[in-house]
Amino acid sequence: MAVYKDGSKWRVIYRYTNWKGEKKQTQKRGFATKKEAQAWEKEIMLKQQTKLDMTFASFFEIYEQDKKKRLKENTWESKSHIIRTKILPYFGDRKIAEIEAKDIIAWQNKLMVEKM
């Protein structure tokens, strides 16, 4: 994977193997800083490897791509609304591997207090 300066912006070129075993290359342009480009590159690589070291928000993006096609529009909108308004604000920036049962219980308790 590589990060390059492209005029005043930065771009990432990366290679991956898709689910069919075919090697692919793609890129993303328009990052303001090199740090942003490297962070995006790292997150994409974690998604490609499908390891639990990715953030919950990144996992939701993968989940959305998969489930949105399989559900009726109304069902997906209800599910998406709950995830975006209730779960992502609390767990979005945390890595999936770091979320423990005690964190989920604390989150549920917080939701219960907000309802009252």
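Note: the structure precedes this text.
One structure accompanies this document, and this report is about it. (Residues numbered from 1 in each chain as written. Predicted model: local features only at pLDDT ≥ 70, side-chain atom pairs only at ≥ 80, totals over all residues. Heavy atoms only, no water.)

## Some thoughts on the nonpolar core
Ranked by size, the top nonpolar core spans 12 residues in total: Leu 46, Met 54, Phe 56, Phe 60, Trp 76, Ile 83, Ile 87, Leu 88, Phe 91, Ile 96, Ile 99 and Trp 107. Elements with a minimum of two residues in this core: helix 2 (56-67) and helix 3 (73-91). The dominant element in this core, judged by the number of residues it contributes, is helix 3, at 5 residues. Ignoring any residue separated from it by four or fewer positions in sequence, one finds Ile 87 in contact with Phe 56, Ile 82, Gly 92 and Trp 107. Ranked by size, the runner-up nonpolar core spans 7 residues in total, among them Val 3, Val 12, Ala 37 and Ile 44. (Core = buried A, V, L, I, M, F, W, Y, C linked by side-chain atoms within 4.5 Å. Buried < 20%, exposed > 50% of the residue type's maximum accessible area, 1.4 Å probe, protein only. Helix = DSSP H or I, 4+ residues; strand = E, 2+ residues; numbered from the N terminus. Contact = heavy atoms within 4.5 Å.)

## Focus on the sheet that holds strand 3 (residues 23-31)
Each strand in a sheet pairs with another by means of backbone hydrogen bonds, the pair being arranged parallel or else antiparallel. Strand order across the open sheet formed by 3 strands is 1-2-3, with antiparallel pairing between neighbours. The two strands at the open ends of the sheet, each matched to only one other strand, are strand 1 (2-6) and strand 3. Between one strand axis and the next, the sheet turns through 25 degrees on average, direction left out of account. Where strand 1 lies against strand 2 (residues 9-17), 5 bridges are found, and the strand directions are antiparallel. Paired with Lys 5 across the two strands is Trp 10, which belongs to strand 2. (Pairing = 2+ DSSP bridges. Axes fitted to C-alpha atoms, helices over the stretch in contact; angles between N-to-C directions.)

None of the figures reported here should be taken as evidence of function without further support.
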